[in-house]
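# Examination of the molecular architecture
Residues per chain, in single letters:
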Amino acid sequence: MGLEEVVITEAIMDSYYEKFRSCLQVDIAVVGAGPSGLTAAWHLSRQGWNVAVFERKLSIGGGMWGGGMTWNTIVVQEEGKTVLEEAGVPLILFRDGYYTADAIAATTTLASKACLSGAKVFNCISVEDVLIREDGGQKKVTGLVINSSPVEIAGLHIDPVVIESKYVIESTGHPLEVLHTLIRKNDVRLFTPSGGIEGEQSMWAERAERTTVENTREIFPGMYVSGMAANASFGSYRMGPIFGGMLLSGQKAAQLIDARLREEI
Ligand code: 48H
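Presented here is an overview of the structure given in this document. (Residues numbered from 1 in each chain as written. Predicted model: local features only at pLDDT ≥ 70, side-chain atom pairs only at ≥ 80, totals over all residues. Heavy atoms only, no water.)

## Some points on the overall build of the protein
Per the secondary structure count, the protein includes 9 helices and 11 strands. Relative to the globule expectation of 18 Å for 265 residues, the C-alpha radius of gyration of the protein, 18 Å, shows essentially globular dimensions. Projecting the C-alpha coordinates of the protein onto the three principal axes gives extents of approximately 60 × 55 × 40 Å. A total of 265 residues make up the protein; the buried ones form 49% of that total. In the protein, the share of contacts with a sequence separation of at least 24, taken over all contacts with a separation of at least 6, comes to 68%. For the protein, the exposed surface amounts to about 13,200 Å²; the carbon and sulfur share of it is 55%. (Helix = DSSP H or I, 4+ residues; strand = E, 2+ residues; numbered from the N terminus. Rg over C-alpha atoms; globule rule 2.2 N^0.38 Å. Buried < 20%, exposed > 50% of the residue type's maximum accessible area, 1.4 Å probe, protein only. Contact = heavy atoms within 4.5 Å. Areas by Shrake-Rupley, 256 points an atom, 1.4 Å probe, with all protein chains shown as cover.)

Written out as structure tokens, the structure is:
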């Protein structure tokens with residue numbers, strides 16, 4: 001049997017657009033396929049929610065691929081290791097309470113868990129804005145404004161498209177991109193002490209790991225923060241190449257949103 005190039009093209013078109021169409025109205029839209037976003041996507045999709053993940057880069061994994069300074073090993077502590085254990089990532093005990101995992105195995109396993117649980121991951125798509133509505137005088141995020149990353153990189157003046165979501169998880173890491181856009185463009189207050197973005201502080205691994213999980217919560221109606229974005233929003237510290245907090249934060253964001261969605265049924 002011969003191979004027809006146009007059939008290959010048609011297969012890609014039909015399959016991709018079916019996937020995209022199934023995400024026009026999702027339960028949860030995750031911005032950023034780093035460790036916290038992928039963990040949240042996995043935990044939510046396995047509960048049966050319709051989840052879409054948008055990642056600007058061609059590669060998923062965010063800052064986890066590179067371990068510390070390109071040495072592609074990650075460290076997790078006792079609490080954080082449970083998420084990797086459940087995913088089936090091999091862990092090695094380094095010293096009391098410190099475990100290492102291969103950064104590539106950890107990233108690809110989390111991505112695989114998310115995809116195979118049903119989350120739809122769209123790489124090469126950048127989130128450039130949010131969709132906003134007013135409900136009883138209160139503004140609420142109701143979706144994402146997305147564009148092709150190559151369009152963004154080339155600086156082409158091409159309008160974006162939109163997907164609706166019941167909840168958004170802002171997991172863009174240090175830059176906190178979506179939240180910055182939200183407050184730059186709208187006269188709104190966040191659920192932070194100042195009502196704005198508190199900003200990230202310097203390295204303090206122990207405190208940062210704890211607060212990443214504490215700071216994982218709803219930051220604006222319809223929008224949750226997870227991972228490094230949670231600490232950057234609420235003014236806490238960075239933690240360097242230890243990833244337990246990122247994983248536990250993704251898990252917590254998923255638990256909080258799962259509970260909200262169940263209340264709404
Ligand atoms: C689509 C976007 C957009 C956008 C960004 O940085 P990440 O790995 O995020 P986390 O929070 O899951 O993990 C943080 C961790 O990697 C880290 O940096 C740590 C632990 N640092 C400690 C320290 O001291 O430095 O992933 C975020 C992802 C990336 O893949 C971005 O490309 C993506 O979000 N992204 N995707 N639209 N507007 N902005």
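What follows picks up the thread again.
## Quick notes on a nonpolar patch on the surface
There is a patch of nonpolar side chains on the surface, built from Met 1, Leu 3, Ile 8 and Ile 12 and spanning about 560 Å² of accessible area. Following the sequence through the fold, Ile 8 ends up in helix α1 (residues 5-21). (Patch = residues over 30% accessible without salt bridge, like charges linked within 9 Å, V, L, I, M, F, W, Y side chains within 5 Å. Salt bridge = Lys/Arg side-chain N within 4 Å of Asp/Glu carboxyl O.)

## Things to note about the packing of helix α2 (residues 35-45) against helix α4 (residues 103-116)
Running from amino to carboxyl end, α2 crosses α4 at an angle of 30°, the nearest separation of the two axes being 8 Å. The handedness of the crossing between α2 and α4 is left-handed. Across the interface between the two elements, Pro 35, Leu 38, Thr 39, Ala 41, Trp 42 and Ser 45 of α2 pack against Thr 107, Leu 110, Ala 111, Lys 113 and Ala 114 of α4. Its residues assigned to classes, the contact of α2 with α4 comprises 7 nonpolar, 3 polar and 1 charged. (Axes fitted to C-alpha atoms, helices over the stretch in contact; angles between N-to-C directions. Left-handed = near helix turned anticlockwise from the far one by under 90°. Nonpolar A, V, L, I, M, F, W, Y, C, P; charged D, E, K, R; others polar.)

## A word on the nonpolar core
One finds Ile 28, Leu 44, Val 51, Ile 74, Leu 84, Ile 169 and Ile 257 to be the most contacted residues of the largest nonpolar core, which totals 44 residues. If we ignore the near neighbours within four places in the chain, the residues touching Ile 28 are Leu 44, Trp 49, Asn 50, Val 51, Ala 52, Ser 165, Tyr 167, Ile 169, Ile 257 and Leu 261. If you look at the next biggest cluster of nonpolar residues, it comprises 30 residues, including Val 26, Ala 29, Leu 179 and Ile 219. (Core = buried A, V, L, I, M, F, W, Y, C linked by side-chain atoms within 4.5 Å.)

## Notes on the packing of α2 against helix α9 (residues 244-264)
Two elements in contact, α2 and α9, have axes separated by 7 Å at closest approach and are oriented at 40°. Classified by the interaxial angle, the pair formed by α2 and α9 is oblique. Regarding α2 and α9, the two cross each other, and that crossing is right-handed. For the pair formed by α2 and α9, the contact residues are Pro 35, Ser 36, Thr 39, Ala 40, His 43 and Leu 44 on the first element and Met 246, Leu 247, Gly 250, Gln 251, Ala 254, Ile 257 and Asp 258 on the second. Here the contact of α2 with α9 is composed, by residue class, of 7 nonpolar, 5 polar and 1 charged. (Parallel < 35°, antiparallel > 145°, perpendicular 65-115°, else oblique.)

## Topic: the sheet that holds strand β3 (residues 73-77)
Taken in spatial order, the 3 strands make up an open sheet running β3-β5-β4, and their pairing is antiparallel. Pairing within the sheet leaves two strands with one partner each, and these edge strands are β3 and β4 (92-95). Here the average twist between neighbouring strands, direction ignored, is 40°. Of the strand pairs in this sheet, β3 and strand β5 (residues 98-102) are connected by 5 bridges, and their pairing is antiparallel. Residue pairing in the sheet places Val 75 in a bridge with Thr 100 of β5. (Pairing = 2+ DSSP bridges.)

## A closer look at the site of the ligand
Inspection of the region around the ligand gives 27 residues, with Glu 55, Gly 63, Met 228, Arg 238 and Gly 240 positioned closest. Within the contact set of the ligand, an oxygen atom lies 2.8 Å away from a backbone nitrogen or oxygen of Gly 63. Met 228 is positioned with one of its backbone polar atoms (N or O) 2.9 Å from an oxygen atom of the ligand. Alone, the ligand offers 790 Å² of accessible surface; in the complex the protein occludes 92% of this. Breaking the shell around the ligand down by element, the ones donating at least two residues are α2, β2 (51-55) and β7 (125-135). The biggest single contributor to the shell around the ligand is β7, with 3 residues. (Near = heavy atom within 4 Å. Polar contact = N/O pair within 3.5 Å; in protein donor to acceptor, adjacent residues only side chain to side chain.)

## Topic: unusual backbone geometry
Look at Met 69: it is not a glycine, yet its phi comes out positive at around 50°. With respect to the element layout, Met 69 can be found in the loop between β2 and β3. Even without glycine at this site, Thr 70 takes up a positive phi of about 75°. When you line up the elements, Thr 70 lands in the loop between β2 and β3.

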